[in-house]
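# Structure at a glance
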Amino acid sequence: MGVKQQVQRPIGGEFPPDFPERLGQFREEAGLSWRSLARLLGVTPYRLREWRRGAIPSGAHLFLLLTLAAAMGLCDGILMCPDRDLPQGSALRRD
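All of these numbers come straight from a predicted model, not from anything done at the bench.

### Brief notes about the overall build of the chain
When you go through the chain residue by residue, the secondary structure sums to five helices and zero strands. When the helices and strands of the chain are listed from N to C terminus, the series reads α-α-α-α-α. Across the 95 residues that make up the chain, the buried fraction comes to 28%. The long-range share in the chain, meaning contacts at least 24 apart out of those at least 6 apart in sequence, stands at 54%. Carbon and sulfur atoms make up 53% of the accessible area of the chain, which totals about 6900 Å².

Next up, the structure:
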């Protein structure tokens, strides 16, 4: 007998187009300068500037950003907005 292979399917959706605004709001709420935030994330201020212009962070940097936000209690409603970000009808959505 073979092993049944599981297939992972993405929930759907795109990277939020308002991520630059969310990043700015997070920085303000956290009371950090752009340079301090860059240092905490292990990136250059130039990299943060690129994210603010619409570049998408790598998975590792996004994970670190979300971990930092969660530790500061600033994740839900700022960086993550399940009610807006998850597709309509998703079982994970809090409608």
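### Quick look at the packing of aromatic side chains
Per the counting criterion, the structure on display carries zero aromatic pairs. When the ring centre of tryptophan 34 is taken as reference, the NZ or CZ atom of arginine 52 above it lies at 4.1 Å.

### Describing the pattern of salt bridges
Going through the model one piece at a time under the given rule, you end up with two salt bridges. Across the pair aspartate 18 and arginine 22 runs a salt bridge, and its minimum N-O distance is 2.9 Å. Between arginine 53 and glutamate 50 there is a salt bridge; the shortest N-O distance is 3.8 Å.

Analysis parameters
Going along each chain's sequence as written, the residues are numbered from 1 onward. Residues qualify for local features only when their pLDDT is at least 70, as the model is predicted, and side-chain atom pairs are given and counted only at 80 or more; totals for whole chains, interfaces and linings, by contrast, use all residues. The side-chain numbers reported here are obtained from all heavy atoms of the structure, hydrogens and water having been left aside. Only DSSP runs of H or I reaching four residues or more are called helices, and only runs of E reaching two or more are called strands; each is numbered from the N terminus. The cut-offs for exposure are 20% and 50% of the maximum accessible area for each residue type, with area from a 1.4 Å probe on protein chains only; residues under the lower value are buried, those over the upper are exposed, and the others partly exposed. What makes two residues a contact is simply this: any of their non-hydrogen atoms within 4.5 Å. Areas reported as accessible are Shrake-Rupley estimates using a 1.4 Å probe. Residue values count occlusion only from the protein chains shown. For Phe, Tyr and Trp, where Trp contributes only its six-membered ring, two rings pair if their centres lie within 6.5 Å, and the inter-plane angle classes them as stacked under 30 degrees, edge-to-face over 60, or tilted in between. A ring has a charge above it when a Lys NZ or an Arg CZ is no more than 6 Å from the ring centre and no more than 35 degrees off the ring normal. In the sections that follow, a salt bridge refers to a side-chain nitrogen of Lys or Arg positioned within 4 Å of a carboxyl oxygen of Asp or Glu.

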